[in-house]
Amino acid sequence: MDCRGYGSQPFHDASSAAIETTAGMDEEGRSGGSIPTNLRLLLAIELVAKAGAPVTPTEVNDSIGLPKATIHRLFNTLEEEGFLQRDLDGRSFSPGTRLRKLAGGILSSLRIRTARQAILTRLSQEIGETCNISLADRHAMVYLERVETEWPLRIQLPIGTRVPFYCTASGKMYLSSLAANHLRKYLGATELAPRTANTITDIDALKAEIRQIRKNGYALDREEFMANMIALAVPVLDDNGRLMVTLSFHAPTQRFDVERALNYLEPLRSAAKDLSELVADERALDRP
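The structure reproduced in this document is the subject of the present report.

Parameters and conventions
Sequence order sets the numbering: in each chain, residues are counted from 1 along the sequence as written. Local features are withheld for residues below a pLDDT of 70 in this predicted model, meaning they are given only at 70 or higher, and side-chain atom pairs are given and counted only at 80 or more; totals for whole chains, interfaces and linings count all residues. With hydrogens and water set aside, each side-chain value is computed from the structure's full complement of heavy atoms. Secondary structure follows DSSP: runs of H or I at least 4 residues long count as helices, runs of E at least 2 residues long count as strands, and numbering of each begins at the N terminus. For each residue, the accessible area found with a 1.4 Å probe, counting protein chains only, is set against the maximum for its type, and the residue is called buried under 20%, exposed over 50%, and partly exposed in between. All accessible areas in this document rest on Shrake-Rupley with a 1.4 Å probe, and a residue is counted as covered only by the protein chains that are shown. What a helix is expected to span follows from its residue count: subtract one and scale by 1.5 Å. Note: two strands are recorded as paired if DSSP finds a minimum of 2 bridges between them. Only the contacting stretch of a helix is used when fitting its axis, a line to C-alpha atoms as for every element, and angles between N-to-C directions run 0 to 180 degrees. Any angle between 65 and 115 degrees counts as roughly perpendicular, while under 35 counts as roughly parallel, over 145 as roughly antiparallel, and the rest as oblique. Any two residues whose heavy atoms approach within 4.5 Å at even a single point are treated as in contact. By nonpolar core is meant a set of buried Ala, Val, Leu, Ile, Met, Phe, Trp, Tyr and Cys residues that side-chain atoms within 4.5 Å join together. Charged residues are defined here as Lys and Arg on the positive side and Asp and Glu on the negative side; His and the ends of the chain fall outside this count. The term salt bridge refers to a side-chain nitrogen of Lys or Arg lying within 4 Å of a carboxyl oxygen of Asp or Glu. Pairs of N or O atoms within 3.5 Å make up the polar contacts considered here, provided that, within protein, one atom can donate a hydrogen while the other can accept it, and that residues adjacent in sequence are counted only when both atoms are side-chain atoms. The handedness criterion is simple: a crossing whose near helix is rotated anticlockwise from the far helix by less than a right angle is left-handed, and one whose near helix is rotated clockwise is right-handed. By the convention adopted, Pro, Cys, Tyr, Trp, Phe, Met, Ile, Leu, Val and Ala count as nonpolar, Lys, Arg, Asp and Glu as charged, and the other residues, Gly among them, as polar.

1. A look at the overall build of the protein
Moving on, step 1. Summing up its helical and strand segments, the protein has 10 helices and eight strands in all.
Moving on, step 2. In the protein, which comprises 288 residues, the proportion classed as buried is 51%.
Moving on, step 3. In the form shown here, the protein has an accessible surface area of approximately 14100 Å², with 51% of it arising from carbon and sulfur atoms.

As structure tokens, then:
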């Protein structure tokens, strides 16, 4: 299969060189000083989101052209309010909790709620198990949306539940989207505490697992987070081929094993594609 977009190249492979905009220029070529004050924060947020990787205020300011003190003051404000978060290097920034929730809110828009629920319901009925949309927060995956199975025996992970990156299908799918240096920093700062006997607690083994996920384009949880539960996750990509959220299903081992779960990989991917197109259509409606 063609793994471009989520294979050998990670989703978040954009660099500061990819930050390009003319929003900070007026018709006569003047830069930042002509930007209305109430628009500057929005432009900074937009450029951080477009970058797809942590960027410094200086890199963002190359496109806006504000005074140095002003751009640093904007970033400090955005960090204090939770829209941006400082990266491990202490210099660069990436989307914070509030901005991630704002992005996830696109999938919760009232205009597309019915369609989104229809996609998840159809998938859940086809697989016969609970299906989830999950969003990466700073330290965990958060369940953003779900459709429950009708089976009496079900695994209770309600909307808003936070689960670790390293031992869940959705979390490992997200880790596979990180650039190598950011993955290395995450692994260096995270305790791979065993949740079950199957949890991968060796860094080299987890790196090998993530490489395989990039190659395959899907992630499995083989009773790594909860005993007697397996899960399968795929990415939901934005217009630039970057991971936006994950789509997954989980099931008790009494009904599913890994081999049977993989039989539903294509329906899962098809539903993820439908969700991607749903978001793209929503954005198109919002354009003037």
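2. What about helix α1 (residues 37-51)?
Side chains that are three or four residues apart share a direction in an α-helix, a result of its 3.6 residues per turn.
Moving on, step 1. The end-to-end C-alpha separation of α1 is 22 Å, in line with the 21 Å expected for 15 residues at 1.5 Å each.
Moving on, step 2. For α1, the complete set of buried residues consists of Arg40, Leu43, Ala44, Ile45, Leu47, Val48 and Ala51.

3. Considerations on the sheet that holds strand β5 (residues 162-163)
Moving on, step 1. On the basis of which strands lie adjacent, the open sheet formed by six strands has the order β5-β4-β3-β8-β7-β6 and antiparallel pairing. Pairing within the sheet leaves two strands with one partner each, and these edge strands are β5 and β6 (219-222).

4. Describing the packing of α1 against helix α3 (residues 68-80)
When two helices pack together, their arrangement is captured by the angle between the axes and the distance separating the axes.
Moving on, step 1. Between α1 and α3, whose axes approach to 10 Å, the crossing angle comes to 75°. It follows that α1 is roughly perpendicular to α3 by the angle criterion. Contacts from Arg40, Leu41, Ala44, Ile45 and Val48 in α1 reach Thr70, Leu74, Phe75 and Leu78 in α3.

5. Observations concerning the nonpolar core
Moving on, step 1. Judged by nonpolar contacts, the single largest core of 29 residues is most densely connected at Ile127, Leu247, Phe249, Phe256 and Leu268.
Moving on, step 2. Per-element accounting of this core gives the leading share, seven residues, to helix α10 (residues 265-286).
Moving on, step 3. Formed by 26 residues, the second largest nonpolar core is a distinct cluster that contains Ala169, Met173, Ile200 and Ala219.

6. Thoughts on the side chain of Asp221
Moving on, step 1. Considering the arrangement of structural elements, one finds Asp221 in strand β6.
Moving on, step 2. Buried charge without a partner: Asp221 forms no salt bridge, and the closest opposite charge is Lys172, 5.9 Å away.
Moving on, step 3. Polar side-chain contacts of Asp221 include one of 3.5 Å to the backbone nitrogen of Phe225.
Moving on, step 4. Ignoring sequence-local partners within four residues, the contact set of Asp221 consists of Cys167, Thr168, Ala169, Met229, Ile230 and Ala231.

7. Quick word on the environment of Gln85
Moving on, step 1. As for its placement among the helices and strands, Gln85 is situated in strand β1 (residues 84-86).
Moving on, step 2. Placed 10 residues apart in sequence, Gln85 and Pro95 show a C-alpha to C-alpha distance of 6.0 Å.
Moving on, step 3. Those residues in contact with Gln85 that sit more than four places away from it in its chain are Ser92, Phe93, Ser94, Pro95, Gly96, Thr97, Arg100 and Arg138.

8. Some words on the pairing of strand β3 (residues 130-136)
Moving on, step 1. Counting buried residues along β3, seven of its seven residues qualify, which places the element largely inside the surrounding structure.
Moving on, step 2. Side-chain alternation along β3 places Thr130, Asn132, Ser134 and Ala136 on one buried face and Cys131, Ile133 and Leu135 on a second face that is also buried.
Moving on, step 3. Judged from the five bridges that link them, β3 and strand β8 (residues 243-252) form a sheet pairing that is antiparallel. Each bridged residue has a counterpart across the sheet, and for Ile133 the counterpart in β8 is Leu247.
Moving on, step 4. As defined by bridge partners, β3 adjoins strand β4 (residues 141-147) across six bridges and the pair is classed as antiparallel. Bridging across to β4, Cys131 finds its partner in Val147.
Moving on, step 5. The loop that links β3 with its antiparallel partner β4 comprises four residues.

9. Focus: the packing of helix α2 (residues 57-64) against α3
Moving on, step 1. At a closest axis distance of 10 Å, the pairing of α2 and α3 adopts a crossing angle of 120°. Taken together, the axis directions place α2 and α3 in an arrangement best described as oblique. Helix-helix and strand crossings are classified by hand; for α2 and α3 the assignment is right-handed. Mapping the contact onto sequence places Pro57, Thr58, Val60, Asn61 and Ile64 in α2 and Ile71, His72 and Phe75 in α3.
Moving on, step 2. Along the lines of polarity and charge, the residues of the contact of α2 with α3 split into five nonpolar, three polar and no charged.

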